[in-house]
Amino acid sequence: MFQTTTSKYILPVTVLIRDKDEFLLKCPHCGRIRGIPHETGSLHDVVGESYEDNLCSGSFEISYDAQLVTDIAMVEMQPCTFDSDDGKWKNDDEK
Ligand SMILES: [Zn+2]
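Residues numbered from 1 in each chain as written. Predicted model: local features only at pLDDT ≥ 70, side-chain atom pairs only at ≥ 80, totals over all residues.

### Topic: the environment of Gly 41
And step 1. Examined against the element boundaries, Gly 41 turns out to sit in the loop between β3 (33-37) and β4 (50-52).
And step 2. Residues Gly 41 and Asp 19, 22 residues apart in the sequence, show an inter-C-alpha distance of 8.6 Å. (Helix = DSSP H or I, 4+ residues; strand = E, 2+ residues; numbered from the N terminus.)

### Points about the sheet that holds strand β5 (residues 59-69)
And step 1. Taking strand neighbours across the sheet as the criterion, the 5 strands line up as β3-β2-β1-β5-β4 in an open arrangement whose pairing is mixed. Only two strands of the sheet have a single neighbouring strand rather than two, namely β3 and β4. Strand after strand, the sheet turns through a mean of 45° between neighbouring axes, direction not considered.
And step 2. Note that strand β1 (residues 10-18) and strand β2 (residues 22-26) share 2 bridges and pair antiparallel. Bridge assignment links Ile 17 to a residue of β2, and that residue is Leu 24. (Pairing = 2+ DSSP bridges. Axes fitted to C-alpha atoms, helices over the stretch in contact; angles between N-to-C directions.)

### Section: the nonpolar core
And step 1. Counting residues in hydrophobic clusters, the biggest one holds 12 residues: Leu 11, Val 13, Leu 16, Phe 23, Leu 25, Cys 27, Cys 30, Val 46, Cys 56, Phe 60, Ile 62 and Cys 80.
And step 2. The set of elements that each furnish at least two residues to this core consists of β1, β2 and β5.
And step 3. The biggest single contributor to this core is β1, with 3 residues.
And step 4. With residues up to four places along the chain from it excluded, the contact list for Leu 11 reads Pro 28, His 29 and Phe 60. (Core = buried A, V, L, I, M, F, W, Y, C linked by C-beta atoms within 7 Å. Buried ≥ 20, exposed ≤ 12 C-beta atoms within 10 Å, placed from the backbone. Contact = placed C-beta atoms within 7 Å.)

### Structural notes on the environment of Lys 20
And step 1. With respect to the helices and strands, the residue Lys 20 is situated in the loop between β1 and β2.
And step 2. With 7 C-beta atoms packed within 10 Å, Lys 20 lands in the exposed category.
And step 3. Taking the C-alpha atoms as reference, Lys 20 lies 9.2 Å from His 38; in sequence the two are 18 residues apart.

### Overview of the pairing of β3
Along a regular strand, successive side chains alternate from one face of the sheet to the other.
And step 1. Bridge count between β2 and β3: 5 bridges; the pairing is antiparallel. Of the residues in β3, the one forming a bridge with Phe 23 is Ile 36.
And step 2. Linking β2 to β3, which pair antiparallel, is a turn of 6 residues; within it Gly 31 sits at a positive phi near 85°.

### Things to note about unusual backbone geometry
And step 1. Positioned with a positive phi, Ser 57 is a non-glycine residue whose angle comes to about 65°.
And step 2. Note on Ser 57: 15 C-beta atoms within 10 Å, which makes it partly exposed.

### A few points about the pairing of β5
And step 1. Strand direction decides the pairing type here: β1 and β5, joined by 7 bridges, are parallel. Bridge pairing in β5 places Pro 12 opposite Glu 61.
And step 2. The hairpin turn running from β4 into β5, its antiparallel successor, is 6 residues long, and Ser 57 in that turn takes a positive phi close to 65°.

### With respect to the environment of Leu 11
And step 1. With respect to the element layout, Leu 11 can be found in strand β1.
And step 2. Here Leu 11 falls in the buried class, since 21 other C-beta atoms lie within 10 Å of it.
And step 3. Distance from Leu 11 to Phe 60, taken between C-alpha atoms, is 4.5 Å for residues 49 residues apart in sequence.

Pasting the structure below:
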């Protein structure tokens, strides 16, 4: 049921949670929880890096003001653009 995003924007990711050997984040395109590997567990490993989601092919970049949280719910509440092909962020409150 998931589609490939049509957005070519590189969207910022500002909230991540640390797992054993990766950071988990919500893809700002498709809204799925993704993992990116880290070496030391420090955000400095990934800040400023850009990634492409291999599922939706959307690109995102770890923002310079990204922060680590300890509650996965805070990651899940981040907005995503799924279903929006104009690059605007969909408001989750509209559901
Ligand atoms: Zn995605």
